[in-house]
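# Residue-level structural notes
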Amino acid sequence: MTGIIGVDTSASLAGASLAEASAGSGTLVDWFVTGVFLVLAGAMILTTARLLWGPTLPDRVVALDLLAYFVAGAIAAYAIATGRPVLVDVAVVLALILFVGTAAFALYVARRGRP
């Protein structure tokens with residue numbers, strides 16, 4: 001059975017791995033999702049470096065927040081790769097929760113200079 005994005009979902013629903021489900025297909029979506037995962041992996045590595053060696057606390061918190069957003073993006077890309085749209089909901093909810101955390105940290109930084 002082919003999903004909306006052209007990925008054969010019958011094998012993945014039967015318990016096969018993602019590699020077995022899309023083996024040999026080589027569709028444009030597969031190449032795109034692979035590229036997205038590679039870009040996200042590179043960005044995660046650079047963000048982890050900022051997290052470890054950031055000179056200030058705000059640098060580190062923003063890097064941690066960005067890393068979590070990359071995870072949300074990876075979940076969305078995985079949802080596209082596997083044809084499971086319910087995972088997009090998970091990524092959106094995660095991004096919304098992360099936004100609240102970012103706003104709370106911005107409020108903390110803004111009030112930190114006040115007595």
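As the structure is a prediction and not an experimental result, all values here were calculated from the model.

## Things to note about the packing of helix α3 (residues 28-53) against helix α4 (residues 57-82)
Between two packed helices, the angle of one axis relative to the other and the distance separating the axes together describe the packing. α4 packs onto α3 with a crossing angle of 165° between their chain directions and a minimal axis gap of 9 Å. Comparing their axes, α4 and α3 come out roughly antiparallel. Two packed elements cross with a definite hand, and for α3 against α4 that hand is left-handed. In terms of residue class, the contact of α3 with α4 is made up of 21 nonpolar, three polar and three charged.

## Things to note about a nonpolar patch on the surface
A cluster of nonpolar side chains, contributed by Val88, Val92 and Leu96, occupies part of the molecular surface with about 250 Å² of accessible area. Note on placement: Leu96 falls in helix α5 (residues 86-112). You can call Leu96 exposed: its relative accessible area is 54%.

## Examining the packing of aromatic side chains
Counted under the stated rule, the structure contains one aromatic pair. With a centroid separation of 6.1 Å and 35° between ring planes, the pair formed by Phe105 and Tyr108 is classed as tilted. Residue Phe105 and its partner Tyr108 are located together in helix α5, separated by three residues, close to a single helical turn. With a relative accessible area of 18%, Phe105 lands in the buried category.

## Re the packing of α4 against α5
Contact geometry for α4 and α5: axes closest at 9 Å, N-to-C directions at 170°. Judged by the angle between their axes, α4 and α5 are roughly antiparallel. Every residue of α5 that contacts α4 at Pro58, Val61, Asp65, Ala68, Tyr69, Val71, Ala72, Ile75, Ala76, Tyr78, Ala79 and Thr82 is listed here: Leu87, Val88, Val90, Ala91, Leu94, Ala95, Leu98, Phe99, Thr102, Phe105 and Arg112. The class makeup of the residues in the contact of α4 with α5 is 19 nonpolar, two polar and two charged.

Procedures and definitions
Residues numbered from 1 in each chain as written. Predicted model: local features only at pLDDT ≥ 70, side-chain atom pairs only at ≥ 80, totals over all residues. Heavy atoms only, no water. Axes fitted to C-alpha atoms, helices over the stretch in contact; angles between N-to-C directions. Helix = DSSP H or I, 4+ residues; strand = E, 2+ residues; numbered from the N terminus. Parallel < 35°, antiparallel > 145°, perpendicular 65-115°, else oblique. Left-handed = near helix turned anticlockwise from the far one by under 90°. Nonpolar A, V, L, I, M, F, W, Y, C, P; charged D, E, K, R; others polar. Patch = residues over 30% accessible without salt bridge, like charges linked within 9 Å, V, L, I, M, F, W, Y side chains within 5 Å. Areas by Shrake-Rupley, 256 points an atom, 1.4 Å probe, with all protein chains shown as cover. Salt bridge = Lys/Arg side-chain N within 4 Å of Asp/Glu carboxyl O. Buried < 20%, exposed > 50% of the residue type's maximum accessible area, 1.4 Å probe, protein only. Phe/Tyr/Trp six-rings, centres within 6.5 Å; stacked < 30°, edge-to-face > 60°. Contact = heavy atoms within 4.5 Å.

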